[in-house]
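Examining the three-dimensional arrangement
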Amino acid sequence: MRKLASIQRIWNIEPIEGADRIELAHVLGWQCVVNKGQFKPMDLAIYFEVDSFLPIREEFEFMRASSYRNTDIMGEGFRLRTMKFRGQISQGLLQPIETFKELKDINIKGDEVVGTDVTELLGVKKWEIEERATTSGTVIGTLPYDIPHTDETRVQAEPDLIKEFEGLEYYISTKMDGSSHSMGIDENGFHVTGHNYEYKDDDSSSFYKLIKERGYKEKLYAFFDKYGLKTLTIQGELCAPGIQKNPLKLAKPEWYVFTIREDGKRVSLDRMTEICNELGFNMVPIEERGMNLPEKYPTVDSLLARAEGNYSSGGRKEGIVIRPTEPVFSQLISGALSMKVVSNKYLLKNE
């Protein structure tokens, strides 16, 4: 589960030119604007990631003017988003540990506390209104067991992921700006999901409409039977007019595959390409394939620069996703090695 709120060490503090009351704090691979003198280098603090939805409580009231939201789906709270102060990007929120009474018993003297997840303890949720509002359909349950959540880890949250690519062949794909949708087959039949839920086969689901128009269900079952599979999952991004302002400028819906699982295992890039060609599915664009990522992109900043650009349609690109060409287990994220790099220019434009 993503650590939306965690105890982290601030490894550097930098002045902001022309600013008397604020400065820049660096934590993990992120940077946050903080009050001058609030923190020192090597201080421990609670870091709240971008896309966190903070509960209504006195400690967050200073954010009311800029971040308060009240929706039918999420209720009341404060949404954290990328912002800019005096020309500096600020991603997330840093607060002293002693601010929260729930943390008064935590021993903050040793390094073993670094990385402690306090998301649930502080009542923090992930901001999901955009995803759920653009994913039409009737919810019939949570995700089936072989269809995992598609939330990639941002490199700023785990900068050491870069080192895990050492000596590996990697590929960089374009992060398509749409809504995550998956199809799968298991012993319980055919499943269609969004990011968090399984959806009913009815006319209210735009993705089901696409599946029926293109015969995806029949194609998937034919492939499933041909290879004698026990489970098959195909995950992709649905991009269309009306979804995320349609930066690809599409005239009609399109679905771009980014992950395929056969019998519970993620397949390689080459196998995914073969399957998409056989089934007639579009894949996310592959921008680069190479060896030993840390040699070419050794820092978070170098990857952020690599993530910038536009879609072929001219719209601002959301960013990139980086994976080994052959799946590798990551100790850092306890799953398949993968990370996303979201363009800062995209974030500022869309926030």
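Residues numbered from 1 in each chain as written. Predicted model: local features only at pLDDT ≥ 70, side-chain atom pairs only at ≥ 80, totals over all residues. Heavy atoms only, no water.

With that out of the way, let us pick up the sheet that holds strand β10 (residues 93-95). Taken in spatial order, the five strands make up an open sheet running β3-β2-β1-β4-β10, and their pairing is antiparallel. Each end of this open sheet is capped by a strand with a single partner; those strands are β3 (30-35) and β10. Averaged over all pairs of adjacent strands, the angle between their axes in this sheet comes to 50 degrees, without regard to strand direction. Strand direction decides the pairing type here: strand β4 (residues 44-48) and β10, joined by three bridges, are antiparallel. From the neighbouring strand, Tyr-47 faces β10, where its bridge partner is Leu-94. (Pairing = 2+ DSSP bridges. Helix = DSSP H or I, 4+ residues; strand = E, 2+ residues; numbered from the N terminus. Axes fitted to C-alpha atoms, helices over the stretch in contact; angles between N-to-C directions.)

Attention now goes to the pattern of salt bridges. Tallying each qualifying case throughout the model produces 21 salt bridges. Linking Asp-146 and Arg-261 is a salt bridge whose minimum nitrogen-to-oxygen distance equals 2.9 Å. In this pair, Asp-146 sits in the loop between β12 (139-142) and β13 (169-175) while Arg-261 sits in strand β18 (residues 254-262), placing the two residues 115 residues apart along the sequence. Assigned by exposure class, Asp-146 and Arg-261 land together as buried. Among the charged side chains, a network of salt bridges with common partners joins Glu-287, Glu-288, Lys-296, Arg-306 and Lys-317. (Salt bridge = Lys/Arg side-chain N within 4 Å of Asp/Glu carboxyl O. Buried < 20%, exposed > 50% of the residue type's maximum accessible area, 1.4 Å probe, protein only.)

This model, assessed by the stated rule, comprises two cavities of 30 Å³ or more. Considered as a void within the structure, the largest cavity measures approximately 80 Å³ in volume. Contributing to the lining of the largest cavity are 15 residues, with Tyr-171, Arg-266, Val-267, Arg-323 and Pro-324 lying nearest its centre. Per-element tally for the lining of the largest cavity: the top contributor is β18, with three residues. Roughly 30 Å³ of volume is contained in the second largest cavity. Looking at the second largest cavity, the residues that line it are Pro-144, Asp-146, Ile-147, Gly-184, Ile-185, Asp-186, His-191, Leu-232 and Thr-233. Elements with a contribution of two residues or more to the lining of the second largest cavity: β14 (179-186) and β17 (232-239). Among the elements that make up the lining of the second largest cavity, the one with the highest residue count is β14 (three residues). Looking at the lining of the second largest cavity residue by residue, the classes come out as four nonpolar, three polar and two charged. (1 Å grid on protein atoms, 1.4 Å probe; cavity = no way out; pocket = protein on both sides within 12 Å on 5 of 7 lines; lining within 4 Å. Points joined across faces, edges and corners; volume = space filled by probe spheres on them. Nonpolar A, V, L, I, M, F, W, Y, C, P; charged D, E, K, R; others polar.)

Along the polypeptide, Glu-262 turns up in strand β18. Relative accessible area serves as the criterion here: at 16%, Glu-262 is assigned to the buried category. Residue contacts for Glu-262: discarding those within four places in its chain leaves Phe-223, Leu-229, Thr-231, Leu-232, Val-267, Arg-271 and Ile-275. (Contact = heavy atoms within 4.5 Å.)

Attention now moves to the pairing of strand β15 (residues 189-193). A large share of β15 lies buried, amounting to five of its five residues. Here β14 runs beside β15; their pairing, made up of five bridges, is antiparallel. For Ile-185, the partnering residue across the bridge sits in β15 and is Phe-190. Between β14 and β15, which pair antiparallel in sequence order, lie two residues.

For the pair helix α3 (residues 206-214) and helix α4 (residues 216-226), interaxial distance at closest approach is 5 Å and the crossing angle is 70 degrees. If you check the angle between α3 and α4, you find them roughly perpendicular. Seen from α3, the contacting residues are Leu-210, Ile-211 and Arg-214; seen from α4, they are Tyr-216, Lys-217 and Lys-219. Each residue belonging to the contact of α3 with α4 can be placed in one class, and the counts come to three nonpolar, no polar and three charged. (Parallel < 35°, antiparallel > 145°, perpendicular 65-115°, else oblique.)

All right, on to the packing of aromatic side chains then. For the structure shown, the criterion picks out 12 aromatic pairs. Measuring from centroid to centroid gives 4.6 Å for Tyr-216 and Phe-281, while their planes differ by 75 degrees, and the two rings are edge-to-face. Note that Tyr-216 is positioned in helix α4 and Phe-281 in the loop between α5 (269-279) and β20 (282-283), a separation of 65 residues in sequence. Like Tyr-216, the residue Phe-281 is buried in the burial classification. Three or more aromatic residues joined by ring pairs form one cluster here, namely Phe-207, Tyr-216, Trp-255 and Phe-281. Looking at Arg-64, its charged tip hangs above the ring of Tyr-68, at a distance of 4.6 Å from the centre. The ring centre of Tyr-227 lies 5.1 Å from the NZ or CZ of Arg-271, which sits over that ring. (Phe/Tyr/Trp six-rings, centres within 6.5 Å; stacked < 30°, edge-to-face > 60°. Lys NZ or Arg CZ within 6 Å of the ring centre and 35° of its normal.)

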